[in-house]
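# Residue-level structural notes
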Amino acid sequence: MSRRGLDRGLIVCVLALAVYGLAILYSAGQTDAPTDAYGAWKRQLIWLGLGSLVAAVVFRVSFRLLEWVAPGVYVFAILLLLLTLVIGTGAGTASSTKSWLAVGGIRLGQPAELAKLATILMMARYLSAFKEPPDSLRALIVPSCIAGLPAVLVLAQPDLGSAIVFAGILFLMLFWAGVRPFLLLLLASPVVSLLLAGNTQLWGAWMVALFVALLVGRAFLSEAITVYLVNSAMGVFALTLWNRLQPHQRLRLSTFLNPELDPSASGYQAIQSKVAVGSGGWFGNGLTQGPQKRLAFLPEQHTDFIFSVVGEELGFIGVLVALSLFFCLMLVLLRIARRASDAFASLVVFGMLSLILTHVFENVGMTVNVTPITGIPLPFFSYGGSFLLACSLAVGVSLRAAWDARQAGYADA
Amino acid sequence: MTAFSSHRLRERARGFRVVLLLAFLVLVGAFFNTQVLNTERFRLRSESNRLRSVPLAAPRGAVLDRNGLVIADNVPGYAVKLLASNPDSIRVVLKRMAAFVELDSAAIEQVVRRYRAAPYQPAAVFTNLPFEAIARLEEHRVSLPGLVIQTEPRRFYPNGRATAHVVGYVGEVSEADLEQDRYPGARMGTVVGQDGLEAEYDSLLRGSEGVRYIEVNARGAMVREQPPSPSMLPVPGLPIRTTIDLPLQLYIDSLFVDSLSEYRGALIAMTPAGEILAMYSAPSFDPNDFVGGISSAKYRVLTSPDAGLPLFNRAIKGTYAPASPFKLAIAAMALRRGLVSFSSHMEQPCRGGFRFGNRVFRCWAPEGHGSLDLIGAIAKSCDVYFYQLGLRLGLNAILEDGSRFGLSEVTSLDLGHEAKSFFPPSTGYYDRTYGPRGWTNAVTLNLAIGQGENSQTLINVMRLYQALSQSESGLAAALPAPHLVAPRARGGIDLGLNERQLAGLREAMIAVVSRGTAAASAGADLDVAGKTGTAQNPHGPDHGWFIGFAPSDNPRIIVGAIMERALHGSSVAPWVVRVIRRYLVGSGTNLDAPIVLEFPADSAPTPEELVTDTIPGRP
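Summarised in this report is the structure supplied together with it.

### Details of the overall build of chain B
- When you go through chain B residue by residue, the secondary structure sums to 21 helices and 19 strands.
- Taken across its 619 residues, chain B has 48% of its residues classed as buried.

So this is what it looks like as structure tokens:
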């Protein structure tokens, strides 16, 4: 294996993604009328340097130390989120929300990114203590709360995208901790019920299916009743909840289902992104040459919608290359998580994998209307310091896990 | 075996790989669907996103006179247009633009309306801006996103006022006209003929627009222009050649402006074959003011009664009592029915008036004309003679022949908005208007001298005289109706007179002007036949008529004029004779030699009002 015990696969994947991302970010700045995106790639280069430093530092940190600081970091992150709700400011792509923490007008970063990492550490610490995987809904209450608390706080900013990321982390880490998929389904069922409540027939079918599943899956009686009641309640309160959503969130959800409802305003981003991607064809218009981007039809082309630039300028082939790189990164992280020397390290790495996967799926999906439009960044592509540092940290932690495993002789297992 | 034993982790990893693969396959599938299967649709959408079509105006066809001289043509003009992504942004840009060029808030709203009608096309702000203003706008282009400056052919009328009522003018098509599809092929912003020949022959003159594309960004600002493809170039309109004699038209204009500036009226010159040589209505206007939109202040002046309604074409829209020139029509009616010959005298000689019932209808000459034959009565315009002739004809015959002479029709001149002349179709008209017992045969007396319920346009009286100028009545029927480009209908009026009767009427008309003609044509052998007339005007001084043709034995030109408040036809006649001489003799002779003409001063007689059933001049 690697000469110095570093995981070569991970480094190659990450470097390839960073270079690819930087090239696209450079292109995103090449527009006919100057935008914020112009020159963003240079600042991103600085952030990449800082990120490498962070990865190097984190690589030196033992997992025992991480396990020890996890509760402290978690509490600190929650406090920051609370503080953000009080004094947070809107900025950048999230200008209408309170997601930034600033001191004296200098933006320090988005606490939500820190909270994601803290949640991963806290979840890993809690779940690694189980000898046998949790096998009841009751046992899932604590991990659900660990992820749920920051999710609710970011939802209040409001930042639906990050809240979805917390959900992704929760479910994937529970799966990795050995929780049966059936239990995960039950855990997710209230959300499904909520989403289906808009259509009476669909919701009815769901409730029947759930009833059958509870019978067949031989759930505990008390839990089965609770799940069923919560599902029913979700169906009933869906309308009230819908009415309490922020107007822009409601628009995003309804335009996700049909962007042409409002093509000039809330559906605009969805349509323009899809037009940009679709007009790319097999090979695209060539790097820096995408007319949708050049003429500013494509919104947020250097942050939320940077993947549309890939689609427009490098075509389906460019998209395949980028998705393959992400896929390889996932496989590498999966391997590291599987071979980690202890449960905590394994869970942390898998948590990082969950974080990146959720971001990639959510962000890439929204450029072709597979997922609703939320303002979350694409790892290694989107311009932004906080998230890039978070990703670097994930890379550092994973490198350490791989290194630890090799030291323990697990490498060839 | 713990939850994290390597065996159980491998199992979960296997399961997770399947989930991962599915997730990525969903994404790849979605991109394949968008980028490969539907790429054409999105490529098209991307094109329409960024490409805006800009209509390229087609040059209008030229309007030429009978010898190819230019009446209307095009010159290059600068059009200013704006592209915008929404009404607010266009308003902002227009407000900024107002700092550099004259643009009031009403004009801004007008542009916003144009924008709303066609948001994906550049909205016209100015269609013709002087070069200095264009330079100022170019200088500030950065602060005016979406600015499009185009050179466009702009209509130009080199003779301005002189040909205004013939050629008309052009302007942007109105929304109402678009709704009614009165200009097929026009869209918002198309320049179409609004009046005169421009409107009449718009479909020929307009041509068809071309298209050019320009690339814009998301804010609607122009990024670059694409050259127009040859298949989308504008198709120029076709030129039309009119029957107008431009030098004659210009001469008439100079007469009205230099010598007759206080008069309002109209003059038409045409050939016996119905070709209009000149048509003038005073006061006139400059049609160039309409090109690119006329200011509302200017338009108010052009439509104000105080300024004499310059837009109103008196030659085809003004209706007047035909007065004495109409006596020729009464004479023709009587002749064709064999009721009189040229040597016929009436029962009562003229002693200055005619007693009818309990009323006295006066002759214009209070001293009386004595006993006259028909020729003498026409020459002296004796009212008493024609009262009796009218009674001899009878009301029914007059009304019947009136229809035959086309007195209640339009001439179908190829110039829009011609007013319909009025002549009662039957006695039923009087019954309806005054009640069956509310009128007397006095109406016949009025009709016999061209007054009463009879109002004719100049062009319609011209058509009557076109028939009178022919040597054979059947020939007139076969001749084209009056026209400027091409006759719409074949056939003038068939008066139903024989050759001898027509010659006799001409002789009578020569007698009208013989004394004056000799003096006027000094040296040139010029016989003018014609008839003066004075139309009662209930609103002020009487209107004067004169219609004449020359040379009288073989007419080559017919000229008619009506001048409002001119008091007498005899004050109109010299100007008509000048026009005739200008046409027949040319500009070589001394046109400014004083013309001394004497005419009977046949002011219209007002019946003495003994009873209240007197019928007012115009219905």
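### Some details on the interface of chain B and chain A
- Contacts between the two partners involve 36 residues from chain B and, on the opposite side, 41 residues from chain A.
- Only helix H1 (6-37) and helix H2 (39-50) of chain B provide two or more residues apiece to the side of chain B that touches chain A.
- For the side of chain B that touches chain A, the element with the highest residue contribution is H1(B), accounting for 20 residues.
- Taken together, the residues of the side of chain B that touches chain A sort by class into 18 nonpolar, nine polar and nine charged.

### Digging into the packing of helix H13 (residues 306-339) of chain A against H1(B)
- Taken N-terminus to C-terminus, the directions of H13(A) and H1(B) make an angle of 175 degrees; their axes are 11 Å apart at the nearest point. With respect to H1(B), the axis of H13(A) lies roughly antiparallel.
- Taken together, the residues that form the contact of H13(A) with H1(B) break down as 17 nonpolar, three polar and three charged.

### What about the sheet that holds strand S11 (residues 264-270) of chain B?
Residues and elements named next belong to chain B.
- Taking strand neighbours across the sheet as the criterion, the five strands line up as S12-S11-S19-S18-S17 in an open arrangement whose pairing is antiparallel. What marks the edges here is a single partner per strand, and that holds for strand S12 (276-282) and strand S17 (529-535). Averaged over all pairs of adjacent strands, the angle between strand axes in this sheet comes to 5 degrees, irrespective of strand direction.
- Where strand S18 (residues 543-550) meets strand S19 (residues 557-564), seven bridges bridge the pair, whose relative direction is antiparallel. Of the residues in S19, the one forming a bridge with Ile 547 is Gly 560.
- Packing against the sheet, helix H10 (residues 246-259) makes contact with S11 and S12, and its axis sits at approximately 25 degrees to S12.
- Contacting S11, S18 and S19, helix H18 (residues 458-468) runs over the sheet at an angle of about 150 degrees to S19.

### Description of the sheet that holds strand S8 (residues 210-216) of chain B
Residue and element names in this part refer to chain B.
- With antiparallel pairing, the three strands of this open sheet are ordered in space as S1-S8-S9. This sheet does not close on itself; its edge strands, each paired only once, are strand S1 (51-56) and strand S9 (222-225). The average undirected angle you get between the axes of adjacent strands in this sheet is 40 degrees.

The rules behind the values
- Residues numbered from 1 in each chain as written.
- Chains lettered and ligands numbered in written order.
- Predicted model: local features only at pLDDT ≥ 70, side-chain atom pairs only at ≥ 80, totals over all residues.
- Helix = DSSP H or I, 4+ residues; strand = E, 2+ residues; numbered from the N terminus.
- Buried ≥ 20, exposed ≤ 12 C-beta atoms within 10 Å, placed from the backbone.
- Contact = placed C-beta atoms within 7 Å.
- Nonpolar A, V, L, I, M, F, W, Y, C, P; charged D, E, K, R; others polar.
- Axes fitted to C-alpha atoms, helices over the stretch in contact; angles between N-to-C directions.
- Parallel < 35°, antiparallel > 145°, perpendicular 65-115°, else oblique.
- Pairing = 2+ DSSP bridges.

Geometry only, nothing functional implied.
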